[in-house]
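Chains, contacts and geometry: an overview
Okay, here's what each chain looks like letter by letter:
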Amino acid sequence: MMSVILTFLLILIFSILAGFLGSLTGLGGGTVLVPILTLYLGIPIIYATGSSLISTIATSSGSASAYVKERITSVRIGISLEIATTTGSIVGSLTVAYIYSLHLEYLVYIVFGIVLLFSIYPTLKKMSGEFPSPRPPDWTTKLLNLYGEYYDPANNTTVKYWGVRWWLGLIVMFFAGFISGLLGIGSGALKVLGMDYAMNLPMKVTTTTSNFMIGVTAATGSGIYWALGYIQPFLAAPTAIGVLVGSLVGTRVLVRLKNKRIRAVFLVILGFLGIQMILRGLGVF
């Protein structure tokens, strides 16, 4: 009995930490939670990913509403990109059953780890400035009205921005949704990179809009996971509660940080997760 309670509390504590990091960086709590559950608590990956999807919905519910209230989230951009993420999530969720049946999931971890490590480069290039260098609006900017502004208390200024290359962001979002359905994570890393690097949006806008989007993406995949029997209530309950609490704390911290600091946290997490994924795929853990 004590071991069950201890396991429940450990999952709850780690979920709070994952929710905090997921909210702060836009990665989604599941991106941090899945490696912890599988590597350090010995939970089978297939059930960890199912619970991760539920926790990702909690992260989005807890943080997205606060970001929308602060008017940092670009709801227009988020909804326009959800077309691709939900489609990718359905494809990824249907693919996961086939992957697990052939025991080839190690290939997915290796590829995903490599993608995360290579994702550091474009983010590192943007560390030199607090805000991205403006690009001239293109046809997608004008057609979809991808303009916005928000007040940044860390810099005491109103930031005006606009998105470009929406079509490129849409392509990245499909793969982000696919990874979300395949690995049971919010895939906020790819969402942030899609909006930050491809669409040239400010980091706080990409982070908050990613939090807004990951809930819809995860909800799409979780229905398929539930039908496949990959979601266990004992795991889903503490992860959802913990991630929700952590995400609420993260929202209050984010608005007081500068974009450079958020990027630094983002880079560290990308590197850590990339290495962990590759090592797991190679059978080191």
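Each chain has its residues counted from 1, running along the sequence as written. This being a predicted model, a pLDDT of at least 70 is required before a residue's local features are given, and a value of 80 or more before pairs of side-chain atoms are given or counted; all residues contribute to the totals for chains, interfaces and linings. Side-chain numbers come from the whole structure's heavy atoms, not from hydrogens or water.

**Section: the packing of aromatic side chains**
Stated formally: Stacked, tilted and edge-to-face are the three classes applied to pairs of Phe, Tyr and Trp rings, where Trp contributes its six-membered ring and a pair requires centres within 6.5 Å; stacked means planes under 30 degrees apart, edge-to-face means over 60, and tilted covers the rest.
One pass over the full model with this rule turns up 3 aromatic pairs. Taking the centre distance of 5.7 Å and the plane angle of 80° together, the rings of Phe174 and Phe175 count as edge-to-face.

**Describing the nonpolar core**
Here is the rule we go by: We call a set of buried residues a nonpolar core when its members are Ala, Val, Leu, Ile, Met, Phe, Trp, Tyr or Cys and they connect through side-chain atoms within 4.5 Å of each other. To sort residues, take the accessible area from a 1.4 Å probe on protein chains only and compare it with the maximum for the residue type: under 20% means buried, over 50% means exposed, and anything in between is partly exposed. Working definition: helices are DSSP H or I runs of at least four residues, strands are E runs of at least two. Numbering for both runs from the N terminus. Only heavy atoms matter for contacts: two residues are in contact if any of them lie within 4.5 Å across the pair.
If you look at the biggest cluster of nonpolar residues, it comprises 37 residues, and the most contacted ones within it are Phe112 and Leu183. No other element matches the 5 residues that helix α2 (residues 29-39) contributes to this core. Beyond its immediate chain neighbours, meaning those up to four positions away, Leu183 contacts Val34, Thr49, Val108, Tyr109, Phe112, Tyr225 and Met277. Ile72, Leu81, Tyr161 and Trp166 belong to the second-largest nonpolar core, a separate cluster that totals 16 residues.

**Comments concerning the side chain of Ser52**
For Ser52, the position within the fold is in helix α3 (residues 45-69). Ser52 has contacts with Gly30, Val34, Gly184 and Ile185, leaving out every residue within four places of it along the chain.

**Some thoughts on the UniProt feature "transmembrane region" (unreviewed entry) in the protein chain**
Rules: UniProt positions are given in the numbering used here, feature names are shortened, and annotations may be inferred rather than shown by experiment.
The positions that UniProt labels "transmembrane region" (unreviewed entry) are, in the present scheme, residues 32-58, 79-100, 106-124, 166-190, 210-228, 235-255 and 261-279. Taken as a whole, residues 79-100 contains 100% helix and 0% strand, while its terminal C-alpha atoms sit 31 Å from one another. Measuring from the first to the last C-alpha atom of residues 210-228 gives 27 Å, for a span that is 100% helix and 0% strand.

**Quick look at the packing of helix α4 (residues 75-101) against helix α10 (residues 203-228)**
Counted only if it meets this: Only the stretch in contact is used when fitting a helix axis, every axis being a line fitted to C-alpha atoms; angles between N-to-C directions are given from 0 to 180 degrees. Orientation labels follow simple angle bins: below 35 degrees gives roughly parallel, above 145 gives roughly antiparallel, 65 to 115 gives roughly perpendicular, and whatever is left gives oblique. In a left-handed crossing the near helix is turned counterclockwise from the far helix by less than a right angle, and in a right-handed crossing that turn is clockwise. Any residue that is not Ala, Val, Leu, Ile, Met, Phe, Trp, Tyr, Cys, Pro, Asp, Glu, Lys or Arg is counted as polar, Gly included; the first ten are nonpolar and the last four charged.
The interhelical angle for the contact between α4 and α10, taken along N-to-C directions, is 25°, at an axis separation of 8 Å. Judged by the inter-axis angle, α4 sits roughly parallel to α10. Our pair here, α4 against α10, has a crossing hand that is right-handed. The residue inventory of the contact of α4 with α10, partitioned by class, reads 14 nonpolar, 9 polar and 1 charged.

**A short note on α10**
Convention followed: A helix's residues, less one, multiplied by 1.5 Å, set its expected span. Two axes enter the definition of the bend at a residue: one is fitted to the seven residues ending there, the other to the seven starting there, and the bend is the angle between them.
In this model α10 runs 36 Å from its N-terminal to its C-terminal C-alpha over 26 residues, within 8% of the 38 Å that 1.5 Å per residue would give. By the largest-angle criterion, Met213 marks the main kink of α10, which is about 25°. Phi turns positive, to about 80°, at Gly229, one or two residues after α10.

**What to know about a nonpolar patch on the surface**
Just so we agree on the cut-off: Each patch is built from residues that are more than 30% exposed by relative accessible area and take part in no salt bridge. Like charges join if they lie within 9 Å; nonpolar side chains (Val, Leu, Ile, Met, Phe, Trp, Tyr) join within 5 Å. Note on areas: Shrake-Rupley with a 1.4 Å probe; residue coverage comes only from the protein chains shown. Take a side-chain nitrogen of Lys or Arg and a carboxyl oxygen of Asp or Glu: if they are within 4 Å of each other, that pair is a salt bridge.
On the surface, a cluster of nonpolar side chains totalling about 470 Å² of accessible area is made up of Tyr98, Leu102, Leu104, Tyr106 and Leu107. Relative to the elements of secondary structure, Leu104 occurs in the loop between α4 and α5 (105-118).

**A word on the side chain of Thr140**
The condition is simple: Nitrogen and oxygen atoms within 3.5 Å of one another constitute a polar contact, given that in protein one can donate a hydrogen and the other can accept it, and given that sequence-neighbouring residues count only through two side-chain atoms.
Along the chain, Thr140 turns up in helix α7 (residues 139-144). A polar atom in the side chain of Thr140 sits 2.6 Å from the side chain of Asp138. Among the polar contacts made by the side chain of Thr140, one reaches the main-chain amide nitrogen of Trp166 at a distance of 3.3 Å. Residues in contact with Thr140, not counting those within four places in the same chain, are Asn145, Leu146, Val164, Arg165, Trp166 and Trp167.

**Notes on unusual backbone geometry**
Most peptide bonds are trans, and most residues other than glycine sit at a negative phi. Positive phi outside glycine occurs at Arg165, with the angle close to 50°. The residue Arg165 is located in the loop between β2 (157-162) and α8 (166-183) in this model. Even without being a glycine, Asn200 presents a positive backbone phi close to 60°. With respect to the secondary-structure elements, Asn200 resides in the loop between α9 (188-198) and α10.

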